[in-house]
Amino acid sequence: MPTSLLDLYMQVAGVSEIPEQYHRWCCLTAIAACVRDNVWLERYRGERLLPNLYTWLVGPPAIAKGLALSQMCRMLEPASRAINLYRGKLTAAFLTTLLGQTPTKDCPFPAERFLVMEELSHGIGDRLQADNMVKMLTDLYSGSDRKLEKGTITGGSITVHNPCLNWAAGTTPDWIGDSISKVAISGGFFTRIACITASYDLGKRVYEPKYPDNYEEAVEEVKTRLLELTQVKGLFTRTRAAYALERRWYE
């Protein structure tokens, strides 16, 4: 069995027509959702850089974006309460209410959320609704160790404590062009999105997906490792290879 969680996740994904890059980034986003703001990197002294991700699986209809997201959610079932998994449709106003809920025993950190939407056009609605959501998620992307005040017409002032959001969604290029305004794009929203693209590969036809012989055991191992990540805390560092890669990209 692979020692790397990412390699193990890809083994569980098997061989199918679902684009491999979708599975890979679903795993990375699941890891980010599990560690939340419990771990961080310091590039500037005293400033915490969180490893949260906004990941969009972008491609034409029926390319299995939803299937990749569905597998990710299955792997996260044991950790779903710890990461406050929210799978479905919501508006910016409702998200504000969700993040500002009073902490409870079952949900001690309501402002830490993992949002999953198989189809963005259904998840955040038409252009006006989408634009409002985009502006809000742009504002919340970096998180904060301070209180944030948000206001709604019906709910009044809502205080959000220590927001930390991760987001995974599927969409099509057409929906992005029709529903995301130029203002939102120029406002820095897309610098925060990992857009993972794929197109139909008519040369790869897999009628019956193939999975490893130890599939059930591997699935349980993935679930266990993801759940364990919800308990990891503290400052993290990069390997030499990761540091070199980031520096080449930065420069």
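Everything numeric in this text was worked out from a predicted model, so none of it was measured.

> Residue-level account of unusual backbone geometry, with values.
Notably, arginine 36 is not glycine yet its phi reads approximately 50°, a positive angle. The residue arginine 36 is located in the loop between α2 (20–35) and β1 (39–40) in this model. Take arginine 36: its relative accessible area is 8%, and that puts it in the buried class. Positive phi outside glycine occurs at alanine 64, with the angle close to 80°. Tracing the backbone through its elements, the reader meets alanine 64 in the loop between β2 (54–58) and α3 (65–75).

> Kindly report on the pairing of β2, identifying the contributing residues and their values.
The element β2 is largely enclosed, with a buried count of 5 among its 5 residues. Residues Tyr54, Trp56 and Val58 line one face of β2 and the alternating positions Thr55 and Leu57 line the opposite face, and both faces are buried. Both β2 and strand β8 (residues 193–197) contribute to a ladder of 5 bridges, which runs parallel. Looking across to β8, one finds that leucine 57 is bridged to isoleucine 196.

Basis of the calculations
Residues numbered from 1 in each chain as written. Predicted model: local features only at pLDDT ≥ 70, side-chain atom pairs only at ≥ 80, totals over all residues. Heavy atoms only, no water. Helix = DSSP H or I, 4+ residues; strand = E, 2+ residues; numbered from the N terminus. Buried < 20%, exposed > 50% of the residue type's maximum accessible area, 1.4 Å probe, protein only. Pairing = 2+ DSSP bridges.

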